Amino acid sequence: MSVRARRIVSGRSETIAAANYAFDPLEDDKIIRNRLLTRTTTTRGEPPLKKLQKKFTSFVIELDKEEEEDNYSECDRLAKAFLQELSAFEIPLLKSQAVVAANLREKENFNEVRDETSRQIMQAQADIEVLKKQLEESKIERQHKEECEAIRKLISAQPPRSETEKAIHELKKEIAELEAENTASWRLLELRKKQFALLLHVVDELQETMEEEQKSMVEEMQRNMSEETTAGGAEAMSID
């Protein structure tokens with residue numbers, strides 16, 4: 001085997017061996033990516049990379065056989081086997097690459113959907129705030145309408161304006177009549193007061209007149225009696 005082939009084989013062997021050891025958690029992502037690329041995690045048969053390595057090693061060993069000159073057919077067979085194994089190894093890589101591209105597109109689509117969902121959520125929140133304000137305004141408007149309807153019902157329960165004006169006119173007429181009656185009653189009362197005062201004055205005068213007449217009659221009777229007494233005494237004296 002040539003030095004170059006040995007280096008390649010030993011380098012890949014070291015890579016495969018290193019992949020079997022535990023690494024730091026920070027390198028887990030790198031290890032998983034490396035295993036996916038090398039397909040060393042398969043559970044069916046020998047790993048593809050190891051098979052490819054064996055094919056390549058066999059081909060290189062056959063090339064290094066300088067003492068044998070009739071190994072061209074064997075080298076051709078091993079080369080074809082190596083290329084076939086390489087093609088078989090390349091197909092899963094292409095599939096993995098396609099899966100990675102699909103995952104990237106899916107991630108981009110997810111990011112777009114997430115951004116659109118976030119935008120719709122923000123728009124929905126803004127719409128909710130607007131609807132809240134509209135609901136409050138609708139509540140106030142409905143309250144005003146209910147108050148107006150209550151006032152309208154109260155107004156409808158009242159009689160028409162013509163009847164109200166007619167009733168007011170009749171009340172004013174009754175008030176005027178009552179005021180006239182009140183004025184007449186007051187004047188009559190004043191007249192009765194004056195008449196009663198005059199009557200009292202007349203009664204007082206009559207009483208004074210009667211007292212004076214009684215006094216005059218008493219004085220006259222006393223004077224008559226005195227005169228009669230004096231006349232009787234004179235007659236008695238003359239008889240004696």
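Residues numbered from 1 in each chain as written. Predicted model: local features only at pLDDT ≥ 70, side-chain atom pairs only at ≥ 80, totals over all residues. Heavy atoms only, no water.

### Topic: the overall build of the chain
- Scanning the chain from terminus to terminus reveals 5 helices and 0 strands.
- Beginning at the N terminus, the succession of helices and strands in the chain can be written as α-α-α-α-α.
- A separation of at least 24 residues holds for 60% of the contacts in the chain among residues at least 6 apart in sequence.
- Roughly 21,000 Å² of accessible area belongs to the chain as shown, and the carbon and sulfur atoms make up 57% of that amount. (Helix = DSSP H or I, 4+ residues; strand = E, 2+ residues; numbered from the N terminus. Contact = heavy atoms within 4.5 Å. Areas by Shrake-Rupley, 256 points an atom, 1.4 Å probe, with all protein chains shown as cover.)

### Looking at a negative patch on the surface
- Among the surface-exposed residues, Asp204, Glu205, Glu208, Glu211, Glu212 and Glu213 lie close enough to one another that they form a single negatively charged patch.
- Note on placement: glutamate 212 falls in helix α5 (residues 161-239).
- The class for glutamate 212 is exposed, based on a relative accessible area of 54%. (Patch = residues over 30% accessible without salt bridge, like charges linked within 9 Å, V, L, I, M, F, W, Y side chains within 5 Å. Salt bridge = Lys/Arg side-chain N within 4 Å of Asp/Glu carboxyl O. Lys, Arg positive; Asp, Glu negative; His and termini not counted. Charge placed at Lys NZ, Arg CZ, Asp CG, Glu CD. Buried < 20%, exposed > 50% of the residue type's maximum accessible area, 1.4 Å probe, protein only.)

### Let's talk about the pattern of salt bridges
- Throughout the structure, instances matching the rule amount to 4 salt bridges.
- Between glutamate 141 and lysine 145 there is a salt bridge, and its shortest N-O distance comes to 3.7 Å. Here the residue glutamate 141 and the residue lysine 145 both occupy positions in helix α4 (residues 72-157), the gap between them amounting to 4 residues, near one helical turn.
- Residue classification places glutamate 141 among the partly exposed positions, given a relative accessible area of 46%.
- On the basis of relative accessibility, which here comes to 54%, the residue lysine 145 falls in the exposed class.
- Glutamate 146 serves as the salt-bridge partner of arginine 142, at 3.5 Å between the closest nitrogen and oxygen. Taken together, the residues span about one helical turn, with arginine 142 and glutamate 146 both in helix α4 at a distance of 4 residues.
- A relative accessible area of 48% means that glutamate 146 is categorised as partly exposed.

### Details of α4
- If you check α4, its first and last C-alpha atoms are 121 Å apart, about what 86 residues at 1.5 Å a residue would give, namely 128 Å.
- Of all the residues in α4, the buried ones are Cys75, Leu78, Ala79, Ala81, Phe82, Glu85, Phe89 and Pro92. (Expected span 1.5 Å × (residues − 1).)

### Some points on the nonpolar core
- Residues Leu49, Leu52, Phe56, Val60, Phe82 and Phe89 constitute the largest nonpolar core, which totals 6 residues.
- Among the secondary structure elements, those contributing two or more residues to this core are α3 (48-63) and α4.
- Looking at which element gives the most residues to this core, the answer is α3, with 4 residues. (Core = buried A, V, L, I, M, F, W, Y, C linked by side-chain atoms within 4.5 Å.)

### Side note on the confidence of the model for the chain
- Per-residue confidence for the chain averages 77 on the pLDDT scale, and 73% of its residues sit at or above 70.
- The lowest-confidence element of the chain is helix α1 (residues 3-19), averaging 44 in pLDDT; the highest-confidence one is α4, averaging 88.
- In this model, residues 1-21 is a region of pLDDT below 50 whose contacts with residues beyond four sequence positions or in other chains number 18 contacts. (pLDDT = per-residue confidence, 0-100.)

### With respect to a nonpolar patch on the surface
- The grouping of Phe196, Leu199, Leu200 and Val203 at the surface amounts to a nonpolar patch, some 360 Å² of accessible area in total.
- The partly exposed category is assigned to leucine 199, whose relative accessible area is 48%.

### Quick look at the environment of glutamate 62
- Among the structural elements, glutamate 62 can be located in helix α3.
- Sequence separation of glutamate 62 and glutamate 74 is 12 residues, and the distance between their C-alpha atoms is 7.6 Å.

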